[in-house]
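# Structure assessment
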Amino acid sequence: MFNHLSQFAKIVHFISTRKGGVSAAPFDSLNVSFSVGDLPENVLENRRILAESVGIALENCIIPQLCHGTNIEIVRVGDRGRGVFSPENAFKETDGFITNVPEICLWVTSADCTPVFFYDPEKQVVAMAHAGWKGTLAEIAAKTALKMHTDFACNLAEIRVGIGTSIGACCYEVSKELAEKFSTAFGEKVVSVKENTSYYLDLWEANWIQLEKIGILSQHIEVSNICTACNTDLYYSFRKENGNTGRFCAGIYLKA
Ligand SMILES: [Zn+2]
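Let us look at the structure shown here. A quick note: this is a predicted structure, and the numbers were derived from the prediction, not measured. (Residues numbered from 1 in each chain as written. Predicted model: local features only at pLDDT ≥ 70, side-chain atom pairs only at ≥ 80, totals over all residues. Heavy atoms only, no water.)

## Regarding the nonpolar core
Of all hydrophobic cores here, the largest spans 42 residues; its most connected members are Phe118, Ile159, Val161, Phe182, Leu211 and Ile216. The greatest single-element share of this core, amounting to six residues, is contributed by helix H4 (residues 140–152). When neighbours within four sequence positions are excluded, Val161 is seen to be in contact with His4, Val116, Phe117, Phe118, Leu211, Ile216, His220, Ile221 and Glu222. By size, the runner-up hydrophobic cluster in this structure holds 24 residues, among which are Phe2, Val108, Phe117 and Ile252. (Core = buried A, V, L, I, M, F, W, Y, C linked by side-chain atoms within 4.5 Å. Buried < 20%, exposed > 50% of the residue type's maximum accessible area, 1.4 Å probe, protein only. Helix = DSSP H or I, 4+ residues; strand = E, 2+ residues; numbered from the N terminus. Contact = heavy atoms within 4.5 Å.)

Written out as structure tokens, the structure reads:
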């Protein structure tokens, strides 16, 4: 977990691993997604196991259907449980979630994409964003922080950010075209070139740069530095496992 977020007694944050669940291969074992082909009863049991382990009632979570976009929603009391027991009533086409309501846990599922955590200890507001390459390029993380500012009067200089476990620059090979889009948007630092022909993207750095640019203090940003593709014993990696895998999840909530 993030050291700087762990200092705050009023929040709980977590990134699950693939260990400790009931699903069989290739979803073994703590898959929390209904949309990967796993048995729904196993997914539900895994969600229960995870919620219990982080001290929240499962019906107080929200588990959205993500779309790699930049829509951001405010999560309110009546949204509790959306997407938890069925995808039918989940938030759809939304990749950023903000709340100031205690005991609502914001979950973001992932298998390579970067979950980004936000906490404003002054205003007691938490948020989560889901940033794969599309969301990172479209600056979902920066937009989430800016919405915390506009909708909850959060001071950007107070917001703490955790850039979570996802595919790292060690493993995330992309096309030259995509690499160029990223270096144009965020500078040369976010791309590394190997043997003149292979391009690797650093999503962590690209998220960091966009957050610093809008006024998040660098000392308030922490990166987990754990690559999903290097660690498929612990995490799911869509890329490394050729799409045939489960999803782990990242979450945050304010304690009552
Ligand atoms: Zn790696």
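## Comments concerning the sheet that holds strand E4 (residues 96–99)
Strand order in this open sheet of six strands is E3-E4-E7-E6-E8-E12, and the pairing throughout is mixed. The strands lining the two open edges of the sheet, one partner per strand, are strand E3 (72–74) and strand E12 (221–223). Ignoring which end each strand starts from, the neighbouring axes of this sheet average 15 degrees apart. Strand direction decides the pairing type here: E4 and strand E7 (residues 125–131), joined by four bridges, are antiparallel. When the bridges of E7 are listed, Gly96 appears paired with Ala129. Docked against the sheet, H4 engages E3, E4, strand E6 (114–120) and E7, running at close to 155 degrees with respect to E7. (Pairing = 2+ DSSP bridges. Axes fitted to C-alpha atoms, helices over the stretch in contact; angles between N-to-C directions.)

## Considering the sheet that holds strand E5 (residues 105–110)
Reading across the sheet, the four strands line up as E1-E13-E5-E2 and stay open at both edges, with mixed pairing between neighbours. The open sheet terminates on both sides in strands that have one partner only, identified here as strand E1 (11–15) and strand E2 (61–62). Bridge count between E2 and E5: two bridges; the pairing is parallel. Residue Ile62 lies in a different strand from E5, and its bridge partner there is Leu106.

## A word on H4
If you check H4, its first and last C-alpha atoms are 17 Å apart, about what 13 residues at 1.5 Å a residue would give, namely 18 Å. Of all the positions in H4, only Ile140, Ala141, Ala142, Thr144, Ala145, Met148 and Phe152 are classed as buried. Following H4 by one or two positions, Ala153 has its phi on the positive side, about 55 degrees. (Expected span 1.5 Å × (residues − 1).)

## Topic: the coordination of the zinc ion
Only Cys170 (SG), Cys171 (SG), Cys227 (SG) and Cys230 (SG) from the protein coordinate the zinc ion, and they sit 2.3 Å from it. With four donor atoms in place around the zinc ion and angles of 102 to 117 degrees between them, the coordination shape is tetrahedral. Read from N- to C-terminus, the donor residues coordinating the zinc ion fall into the pattern C-C-x55-C-x2-C. Its relative accessible area of 4% is what places Cys227 among the buried residues. Take Cys230: its relative accessible area is 46%, and that puts it in the partly exposed class. (Donors = N, O, S within 2.8 Å, 3.2 Å for Na, K, Ca; no water. Tetrahedral: all angles 85-135°; square planar, octahedral: opposite > 155°, others 65-115°.)

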